[in-house]
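Residues per chain are reported as follows:
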Amino acid sequence: MAAVQKGARDTVPLRAQALGIDLAALPKHVAIIMDGNGRWARRNGLARLLGHREGYRALRGVLLTAAELGIKYLTVYAFSAENWRRPSDEVDGLMKLIEKAARDELRAMHQNNVRVNVSGRIDEVPAGLRNALESGVETTKDNTGITFTLAVNYGGRAEIVDAIKRIVQDGVKAEDISEELVQKYLYNPQHPDPDLMIRTAGEMRWSNFLIWQAAYAELVVTDVTWPEFGETQLLGAVKEYQRRTRKFGAVVE
Ligand code: IPE
Ligand code: IPE
Ligand code: MG
């Protein structure tokens, strides 16, 4: 590292390279199951909602880091279709927090050329949140930087059910159904499949996130809780991803 001049490591790509990351082989699409806000709060003697608030802070940093690194697609699990099972004050607090975050961050995201996108049954979330998300998508739709997708009221099985309904409504014939056709009926058909799926807080499960799309994603689980996740952990996950050999069922020598 002696050749790196003072100040030259002041950007994310340079810091990534200093860690041995190959910038030409980045995952194009990174998906994150942002888990552990509640455990982080409990460990710090705080209410769960304060954990979610810290989680939002972490997300703001990770989005900027991912964009600066050169990730093209970042998809994060903000609220699952199963999270309605939580106590109503936590659900209400999360809906308000996501709405406030969407409104407060819109200007900065737009300035950073972020294209905002949503995934999930958005018609079932409170109107204020739905409006905030829709105006984010509309405002940023022509941006050409990172595509940032917020999965809200998202369930992988629900997504597949919604796809099947529309396939049937369109009168598609059985012999015309293929993986490519199903893909076209998913919530974001234009997105490439995630290459790297990160889960924080240690659980080794998918919790119904992108179960179709993540068929061949490389999974990296870290014990760090989501509020503690930052550049170091993101670059660590990318480095781990680059150590993997992706085979897609084939033989790779
Ligand atoms: C993830 O943190 C955020 C959401 C699911 C909305 P959790 O709230 O699931 O945190 P833990 O799993 O209880 O620690
Ligand atoms: C997954 O986390 C959902 C989000 C991160 C939004 P959960 O905390 O809901 O997952 P489980 O219940 O531990 O499987
Ligand atoms: Mg959890």
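An account of the accompanying structure is given in this report. Source: prediction; values computed, not measured.

Time to look at the site of ligand 1. In the vicinity of ligand 1, the contacting residues are Met 34, Asp 35, Gly 36, Asn 37, Gly 38, Arg 39, Arg 48, His 52, Ala 78, Asn 83, Arg 86 and Leu 94. Contact between ligand 1 and Asn 37: an oxygen atom at 3.2 Å from a main-chain N or O atom of the residue. Within the backbone of Gly 38, a nitrogen or oxygen atom sits 2.9 Å from an oxygen atom of ligand 1. With the chains in place, 86% of the 380 Å² that ligand 1 exposes on its own is no longer accessible. Listed by contribution, the elements that provide at least two residues to the shell around ligand 1 are α2 (37–43) and α3 (48–69). Element by element, the count of residues in the shell around ligand 1 is highest for α2, at three residues.

A separate point is the site of ligand 2. In the vicinity of ligand 2, the contacting residues are Ile 33, Met 34, Asp 35, Tyr 77, Ala 78, Phe 79, Ser 80, Asn 83, Arg 86, Arg 199, Arg 205 and Ser 207. Burial of ligand 2 by the surrounding chains reaches 78%, relative to a free accessible area of 390 Å². According to the grid-proximity analysis, the pocket containing ligand 2 is the largest pocket. A per-element tally of the shell around ligand 2 places strand β2 (residues 73–80) first, with four residues. Broken down by class, the residue content of the shell around ligand 2 amounts to five nonpolar, three polar and four charged.

To continue, consider α3. Taking 1.5 Å of rise per residue, 22 residues should cover 32 Å, and α3 covers 31 Å from first to last C-alpha, within 8% of that figure. All of the buried residues along α3 are Gly 51, His 52, Gly 55, Tyr 56, Ala 58, Leu 59, Val 62, Leu 63, Thr 65, Ala 66 and Leu 69. One or two residues past the end of α3 sits Gly 70, with phi positive at roughly 115°.

This part is about the packing of α3 against helix α8 (residues 231–243). Packed helix pairs are specified by the crossing angle of their axes together with the interaxial distance, meaning the distance between the axes. Relative orientation of the contacting elements α3 and α8 amounts to 45°, with a least axis distance of 10 Å. Between α3 and α8, the crossing angle belongs to the class labelled oblique. Pair α3 / α8 crosses with right-handed handedness. Facing Val 62, Thr 65, Ala 66 and Leu 69 of α3, the residues of α8 in contact are Glu 231, Leu 234, Leu 235 and Val 238. The residue makeup of the contact of α3 with α8, split by class, is six nonpolar, one polar and one charged.

The next point concerns the nonpolar core. In terms of nonpolar packing, the biggest core is built from 45 residues, with Ile 32, Leu 74, Phe 148 and Val 152 touching the most fellow members. Once you skip the residues sitting within four places of it in the chain, Leu 74 turns out to touch His 29, Val 30, Ile 32, Leu 63, Ala 66, Ile 146, Thr 147, Phe 148 and Thr 149. Membership of the second largest hydrophobic core comes to 10 residues, among which are Ile 33, Phe 209, Leu 210 and Ala 214.

Below, the discussion takes up the side chain of Gln 213. Following the sequence through the fold, Gln 213 ends up in the loop between β5 (196–199) and β6 (218–221). You can call Gln 213 buried: its relative accessible area is 12%. What Gln 213 contacts, discounting residues up to four positions off in sequence, is Tyr 154, Glu 159, Leu 186, Asp 193 and Pro 194.

If you check the backbone angles, Asn 153 has positive phi at about 50° while not being a glycine. By secondary structure assignment, the location of Asn 153 is in strand β4 (residues 147–154). A positive phi angle, near 70°, is found at Asn 208, a position not held by glycine. Secondary-structure assignment places Asn 208 in the loop between β5 and β6.

The full count for this structure, using the stated rule, is one cavity of 30 Å³ or more. Along its surface, the largest cavity is lined by 14 residues, and His 29, Asn 188, His 191, Leu 210 and Gln 213 are the ones closest to its centre. Within the lining of the largest cavity, the residues separate by chemical class into four nonpolar, eight polar and two charged.

To continue, consider helix α5 (residues 127–139). Residues separated by three or four positions in an α-helix point in the same direction, a consequence of the helix having 3.6 residues per turn. With 13 residues, α5 should cover 18 Å at 1.5 Å per step; its first-to-last C-alpha distance of 18 Å lies within 8% of that length. Among all positions in α5, only Leu 129, Ala 132, Leu 133 and Gly 136 are buried. Seen from one end, α5 has its buried residues packed into an arc of 95°, which puts them on one side. Contacts made by the buried residues of α5 are with α4 (88–111), β3 (115–119) and β4.

Regular strands have side chains that alternate between both faces of the sheet. Buried residues dominate β3, accounting for four of its five residues. Of the strand pairs in this sheet, β3 and β4 are connected by five bridges, and their pairing is parallel. Each bridged residue has a counterpart across the sheet, and for Asn 117 the counterpart in β4 is Thr 149. Once the chain exits β3 it traverses α5 before rejoining the sheet at β4, and the crossover so formed is left-handed.

Calculation notes
Residues numbered from 1 in each chain as written. Chains lettered and ligands numbered in written order. Predicted model: local features only at pLDDT ≥ 70, side-chain atom pairs only at ≥ 80, totals over all residues. Heavy atoms only, no water. Near = heavy atom within 4 Å. Polar contact = N/O pair within 3.5 Å; in protein donor to acceptor, adjacent residues only side chain to side chain. Areas by Shrake-Rupley, 256 points an atom, 1.4 Å probe, with all protein chains shown as cover. Helix = DSSP H or I, 4+ residues; strand = E, 2+ residues; numbered from the N terminus. 1 Å grid on protein atoms, 1.4 Å probe; cavity = no way out; pocket = protein on both sides within 12 Å on 5 of 7 lines; lining within 4 Å. Sits in = over half its atoms within 2 Å of the grid points. Nonpolar A, V, L, I, M, F, W, Y, C, P; charged D, E, K, R; others polar. Expected span 1.5 Å × (residues − 1). Buried < 20%, exposed > 50% of the residue type's maximum accessible area, 1.4 Å probe, protein only. Axes fitted to C-alpha atoms, helices over the stretch in contact; angles between N-to-C directions. Parallel < 35°, antiparallel > 145°, perpendicular 65-115°, else oblique. Left-handed = near helix turned anticlockwise from the far one by under 90°. Contact = heavy atoms within 4.5 Å. Core = buried A, V, L, I, M, F, W, Y, C linked by side-chain atoms within 4.5 Å. Points joined across faces, edges and corners; volume = space filled by probe spheres on them. Arc of directions from axis to C-beta. Pairing = 2+ DSSP bridges. Right-handed = clockwise from strand over helix to strand, strands pointing away.

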